[in-house]
Amino acid sequence: MKRIPGAPIGMLAALICAAAQSAPYQFIDIRPAGATSVQVWDVSNLGQVVGSYQTGSLVNASFVWQAGAFTPVAGPAGAISVTAFSVSETGAIVGSFYDSLVIDPGTGESVPGPTRGFVLEAGTHTVLEIPGADFVQPRGISPDGRYVAGYHTHPAEGQVGFVLDRVNGALASTNAPGSLFNIAQGVDAAGRVAGGDTLPGIGSPGYVYATAAGTRRDLYLPGASSTRLRDIDRTGRFAGWAVFPGAPGAPSVTRGVFGTELGFETLMFPGSSYTVLQGINDAGWLSGSYRIGATAPGFLGFVAIPVPEPASWLLGAAGAGLLAARRRRLAPPR
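Computed from a prediction, not measured in an experiment: that's the story for all the values here.

The rules we used
- Residues numbered from 1 in each chain as written.
- Predicted model: local features only at pLDDT ≥ 70, side-chain atom pairs only at ≥ 80, totals over all residues.
- Heavy atoms only, no water.
- Salt bridge = Lys/Arg side-chain N within 4 Å of Asp/Glu carboxyl O.
- Helix = DSSP H or I, 4+ residues; strand = E, 2+ residues; numbered from the N terminus.
- Contact = heavy atoms within 4.5 Å.
- Core = buried A, V, L, I, M, F, W, Y, C linked by side-chain atoms within 4.5 Å.
- Buried < 20%, exposed > 50% of the residue type's maximum accessible area, 1.4 Å probe, protein only.
- pLDDT = per-residue confidence, 0-100.
- Phe/Tyr/Trp six-rings, centres within 6.5 Å; stacked < 30°, edge-to-face > 60°.
- Lys NZ or Arg CZ within 6 Å of the ring centre and 35° of its normal.
- Pairing = 2+ DSSP bridges.
- Axes fitted to C-alpha atoms, helices over the stretch in contact; angles between N-to-C directions.

Draft legend 1. Quick peek at the pattern of salt bridges. Inspection of the entire model under this criterion finds 11 salt bridges. When the shortest N-O distance is used, the salt bridge between aspartate 29 and arginine 31 registers 3.2 Å. Members of the salt-bridge network, linked through shared partners, are Asp99, Arg116 and Glu129.

Quick look at the structure:
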């Protein structure tokens, strides 16, 4: 893989101007009944929001939310815990699961067995495994369903970000030399992947990996000690989060970030002390999670919708939604 290093922070600062949230948003709290902790991941161009939650245990259940309605997402047969991360415009859902418990020799307690990935499409689960990997977590799928991005761990290679072309089966690593903690996540129809990495002696950049060219562009947001990109739309706008210094004497603050290299904004869920963005769609909808107070027991999820929304996009989304609904009505029962 060819890597295009990110420019030094001083140079990027001349191009990027961190700004407070400038546009008004409607914030919708996404919380399934009984949930004690919620993580909201992706938001599709059809307005479908994907998330996972817990109800007092460490076992995850997952859902797709649309227009106020929750639809559960099941894992492969026998799955104990299911985490759905992303949904395409074609209705394909990607995520991870485990279906066994093993005994931790150090503590004697039951812990999750091997974690594997899945693609749920037309009611059928396909387990996604990578040779030699002992942990596989697909985190993003492109709007057309062609590309899947995520990360896996390998005893010899460590943690590896990846992008899979489902058309030709090509599997590419998004790692840079020395990558220590690489998570690839959002991917667009052109195969551009948004992710975040930790590089020894350099820092913790976000990045965009171009599958077609095999190149990676690292991004260090000015003023941030850590940058994590998590999604990318068709115009190249990213969504993610970054850690910024707090007020004098106060701890650092994790803020959602979105934009481009030419300018980005930060976003906090109202009243929150911690906000991360995980998804962005072509209309600028943002999805993510937040925490109220440093001692909050878990995360809560949300979607933020620009006010007003682009009228042309609303018309297109409405048409696509009606088409998808018609397809569902015409599909044979499963």
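Back to the text.
Draft legend 2. Structural context of unusual backbone geometry. The step from valine 307 to proline 308 runs through a cis peptide bond, and the omega angle for that step is -5°. Mapping proline 308 onto the fold places it in the loop between strand 28 (300-306) and helix 2 (311-330). Not every positive phi belongs to a glycine, and alanine 67 is a case in point at roughly 50°. By secondary structure assignment, the location of alanine 67 is in the loop between strand 6 (61-66) and strand 7 (69-73).

Draft legend 3. Structural view of the environment of leucine 300. Checked against the element boundaries, leucine 300 lands in strand 28. Taking C-alpha positions, leucine 300 is 9.0 Å from alanine 35, a pair spaced 265 residues apart along the chain. The residues touching leucine 300, leaving out its near neighbours within four places in the chain, are Arg31, Val38, Gly288, Ser289 and Tyr290.

Draft legend 4. Geometry of the nonpolar core. With 13 residues, the main nonpolar core has Phe63 and Val303 as its most contacted residues. Looking at this core, the elements with two or more residues in it are strand 4 (37-43), strand 5 (49-54), strand 6 and strand 28. The element best represented in this core is strand 4, accounting for three residues. By size, the runner-up hydrophobic cluster in this structure holds 12 residues, among which are Ala239, Leu267, Leu277 and Ile280.

Draft legend 5. The confidence of the model for the protein, seen in detail. With 84% of its residues at a pLDDT of 70 or more, the protein shows a mean pLDDT of 87. Considering only residues more than four positions removed or in separate chains, one finds that residues 311-316, a stretch of pLDDT under 50, has six contacts. In this model residues 318-334 is a low-confidence stretch, pLDDT under 50, and it forms five contacts with partners more than four residues away in sequence or in other chains.

Draft legend 6. Representation of the packing of aromatic side chains in the model. The full count for this structure, using the stated rule, is 13 aromatic pairs. The structure contains a cluster of three or more aromatic residues connected by ring pairs, namely Tyr25, Phe27, Phe258, Phe269, Tyr290 and Phe302. Sitting above the plane of the tyrosine 274 ring, arginine 291 keeps its charged end 5.5 Å from the centroid. The positively charged end of arginine 291 is found above the aromatic ring belonging to phenylalanine 299, 4.3 Å away from the centroid.

Draft legend 7. Region of the structure containing the pairing of strand 14 (residues 135-141). For strand 14, the buried fraction is high: six of the seven residues fall into the buried class. Bridge analysis of strand 14 against strand 15 (residues 147-154) gives six bridges, and the strand direction is antiparallel. The residue of strand 15 that forms the bridge with proline 138 is glycine 150. Between strand 14 and the antiparallel strand that follows it, strand 15, lie five residues; glycine 145 among them carries a positive phi value of about 80°.

Draft legend 8. Geometry of the sheet that holds strand 12 (residues 116-121). Strand order in the open sheet formed by four strands is 8-9-12-13, with antiparallel pairing between adjacent strands. Two strands bound the open sheet, and with one partner strand each, they are strand 8 (81-87) and strand 13 (124-128). Within the sheet, the average angular offset between the axes of one strand and its neighbour, ignoring direction, is 30°. Pairing analysis gives six bridges linking strand 8 to strand 9 (residues 93-98), with the strands arranged antiparallel. Across the sheet, serine 81 pairs through a bridge with tyrosine 98, a residue of strand 9.

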